[in-house]
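# What the coordinates show
Here is how the chains run, residue by residue.
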Amino acid sequence: MDLITLLPFIVLIGAMFLMTRSAKKKQAAAAQMRNDMQPGTGVRTIGGMYATVKEVHDDTVLLEVAPGVHAVYAKNAIGAVLDDAEYNRIVHGDDPELDTDGTVVPDDASSLTGDGDAEVAKIDLGKDGAADDAETEDATAKDVKETEDVKDAKGEAKTDGDADSK
């Protein structure tokens with residue numbers, strides 16, 4: 001056999017080896033992360049639930065999912081172990097970056113124009129009730145007129161689906 005004919009098979013086997021090697025490294029890192037969990041640590045499960053570790057056993061973990069609510073999870077169900085700052089930011093909404101200068105962003109641009117005391121005229125883009133009632137009456141009268149126009153020579157009203165041919 002020639003080396004050129006074996007080259008594609010060698011490349012394919014090498015690629016498979018590299019892919020399985022990186023997958024094994026990721027699995028080992030995840031297992032190490034789960035084994036390093038300590039009580040009081042914030043975690044995220046593979047289902048996306050955030051909880052605090054209360055007890056760590058061989059194959060299971062006792063999590064406090066809400067104050068006073070405990071649940072037992074398999075260690076493999078832990079997706080990530082979070083540091084305290086990230087856990088508090090996600091669960092409690094604590095973000096120290098937002099509290100630096102205490103500035104408040106306005107909801108609209110009216111405070112940016114400088115005319116804070118001026119009365120702003122508001123435009124109502126919705127239709128008023130009287131106009132809606134008048135339109136409804138006009139539409140009803142139009143429907144009655146169209147029904148009268150549809151009558152044929154015998155004085156009978158045509159309905160949907162009636163053919164003009166006889």
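What counts, and where the lines are drawn
- Residues numbered from 1 in each chain as written.
- Predicted model: local features only at pLDDT ≥ 70, side-chain atom pairs only at ≥ 80, totals over all residues.
- Heavy atoms only, no water.
- Core = buried A, V, L, I, M, F, W, Y, C linked by side-chain atoms within 4.5 Å.
- Buried < 20%, exposed > 50% of the residue type's maximum accessible area, 1.4 Å probe, protein only.
- Helix = DSSP H or I, 4+ residues; strand = E, 2+ residues; numbered from the N terminus.
- Salt bridge = Lys/Arg side-chain N within 4 Å of Asp/Glu carboxyl O.
- pLDDT = per-residue confidence, 0-100.
- Pairing = 2+ DSSP bridges.
- Axes fitted to C-alpha atoms, helices over the stretch in contact; angles between N-to-C directions.
- Contact = heavy atoms within 4.5 Å.

## Looking at the nonpolar core
Counting residues in each nonpolar core, the largest one holds seven residues, listed as Met-37, Val-43, Ala-51, Val-53, Val-61, Leu-63 and Ile-78. Of all elements in the fold, only strand E2 (50-56) and strand E3 (60-66) reach the threshold of two or more residues within this core.

## A few points about the pattern of salt bridges
Within this structure, the stated rule accounts for one salt bridge. Glu-64 is paired through a salt bridge with Lys-54; the nearest N and O atoms lie 3.1 Å apart. Within this pair, whereas Glu-64 is found in strand E3, its partner Lys-54 is found in strand E2, the two being separated by 10 residues in sequence.

## Regarding the confidence of the model for the protein
For the protein, per-residue confidence averages 76 on the pLDDT scale, and 59% of positions sit at 70 or higher. Across the protein, strand E4 (residues 69-74) holds the top mean pLDDT of 94, while helix H3 (residues 129-149) sits lowest at 58.

## Considering the sheet that holds E3
The strand order across the open sheet built from five strands is E4-E3-E2-E1-E5, with neighbouring strands paired in antiparallel fashion. The sheet is open, and its two edges are formed by E4 and strand E5 (78-82), each paired on a single side. For this sheet, the mean inter-axis angle between neighbouring strands, taken without regard to orientation, is 40 degrees. Two elements, E3 and E4, share six bridges in a ladder whose sense is antiparallel. Within E4, the position partnered with Leu-63 by the bridge is Ala-71. Lying on the sheet, helix H2 (residues 84-91) is in contact with strand E1 (42-45), E2 and E5; it crosses E2 at an angle near 135 degrees.

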